[in-house]
Amino acid sequence: MMLDVGVVGGGLMGMATSYFLLRSGRCRVTLYDASLRRPVTGYSACASSVAGGLLHPLTPRLKPAWEATEALRKADELVREAERAAKTSLVTTDTVLRPAIDDDDSITLQAAAVDRPEWLQGGRA
C-alpha cells in the first residue's frame, strides 16, 4: 500500500526527506513550500537560506551533534546523487574559521578538537 505524505518546507531538510521517502518506493510525496507562492532567489527563502547551506558536526556549544557522523555521511550521499543527476558540481567545500574570543573560549575550542587536531590552526584554537 502506498502512503500519501506531505512534507512542509522545500529547503535542505524538506528536499532530503522527500528524496528518501520517494526512494523507499512506498510513498507518494507532496512538497509544500512558501517560496512557491512568491518569487525567490535560490531554492528556498526560509530556514535553509539563513543557514547558508553549512553542514558541520558541532552544536553551538562545540559538542559533537547527535548522530553527526551518520548525518554528514547521508548528506554527502544525497549531494553526490544530486550532482550525478544534475551533471554538475553543487557544493563548494571551503574552510570555516571559528576564532576564539577570549582565553576561556580558546580552552573550550581546544577541548572540542581533542579528537580532531586538524581543526586547530598552529596548535591553538
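Residues numbered from 1 in each chain as written. Predicted model: local features only at pLDDT ≥ 70, side-chain atom pairs only at ≥ 80, totals over all residues. Heavy atoms only, no water.

Colleague: Mind showing me how you'd approach the overall build of the chain here?
Modeller: Looking only at helices and strands, the chain features four helices and two strands. Seen in sequence order, the chain has helices and strands lined up from the N terminus as β-α-β-α-α-α. For the chain, with 125 residues in total, the buried portion stands at 16%. Put simply, the chain shows about 9800 Å² of open surface, and 59% of that area lies on carbon and sulfur atoms. (Helix = DSSP H or I, 4+ residues; strand = E, 2+ residues; numbered from the N terminus. Buried < 20%, exposed > 50% of the residue type's maximum accessible area, 1.4 Å probe, protein only. Areas by Shrake-Rupley, 256 points an atom, 1.4 Å probe, with all protein chains shown as cover.)

Colleague: Looking at this structure, I do not really get the pairing of strand β1 (residues 3–8). What am I missing?
Modeller: A regular strand places its side chains so that they alternate between the two faces of the sheet. Note that β1 and strand β2 (residues 27–32) share six bridges and pair parallel. Looking at the pairing, Val8 lines up with Tyr32 of β2. (Pairing = 2+ DSSP bridges.)

Colleague: What is the right way to read the environment of Ala16 from this model?
Modeller: Residue placement: Ala16 occurs in helix α1 (residues 12–24). For Ala16 and Ala75, which are 59 residues apart along the polypeptide, the C-alpha to C-alpha distance reads 8.3 Å.

Colleague: Can you walk me through the environment of Thr59 in this structure?
Modeller: Checked against the element boundaries, Thr59 lands in the loop between α2 (47–51) and α3 (68–86). Owing to a relative accessible area of 28%, Thr59 belongs among the partly exposed residues under this scheme. Aside from chain neighbours lying at most four places away, what touches Thr59 is Pro64 and Ala65. (Contact = heavy atoms within 4.5 Å.)

Colleague: Explanation requested: the packing of α1 against α3 in the structure shown.
Modeller: Think of two packed helices as two axes; the pair is described by the angle between the axes and how far apart they sit. Relative to each other, α1 and α3 sit at 80°, their axes nearing to 11 Å. Classified by the angle their axes make, α1 and α3 are roughly perpendicular. Between α1, through Ala16, Tyr19, Phe20 and Arg23, and α3, the contact on the second element is made entirely by Lys74, Glu77, Leu78 and Glu81. Taken together, the residues that form the contact of α1 with α3 break down as four nonpolar, no polar and four charged. (Axes fitted to C-alpha atoms, helices over the stretch in contact; angles between N-to-C directions. Parallel < 35°, antiparallel > 145°, perpendicular 65-115°, else oblique. Nonpolar A, V, L, I, M, F, W, Y, C, P; charged D, E, K, R; others polar.)

Colleague: Looking at this structure, how should I read the pattern of salt bridges?
Modeller: Where side chains of opposite charge bring their charged atoms close, a pairing between them can arise. Under the definition given, this model contains eight salt bridges. Note that Glu81 and Arg23 form a salt bridge whose closest N and O atoms lie 3.8 Å from each other. With a gap of 58 residues between them, Glu81 in helix α3 and Arg23 in helix α1 connect regions that are remote in the sequence. Here Asp76 makes a salt bridge to Arg80, at a shortest N to O gap of 3.0 Å. With Asp76 and Arg80 both in helix α3 and four residues apart, the pair spans about one turn of that helix. Look at the salt bridges and you will find they share partners, linking Arg23, Glu70, Arg73, Glu77, Glu81 and Arg84 into a network. (Salt bridge = Lys/Arg side-chain N within 4 Å of Asp/Glu carboxyl O.)

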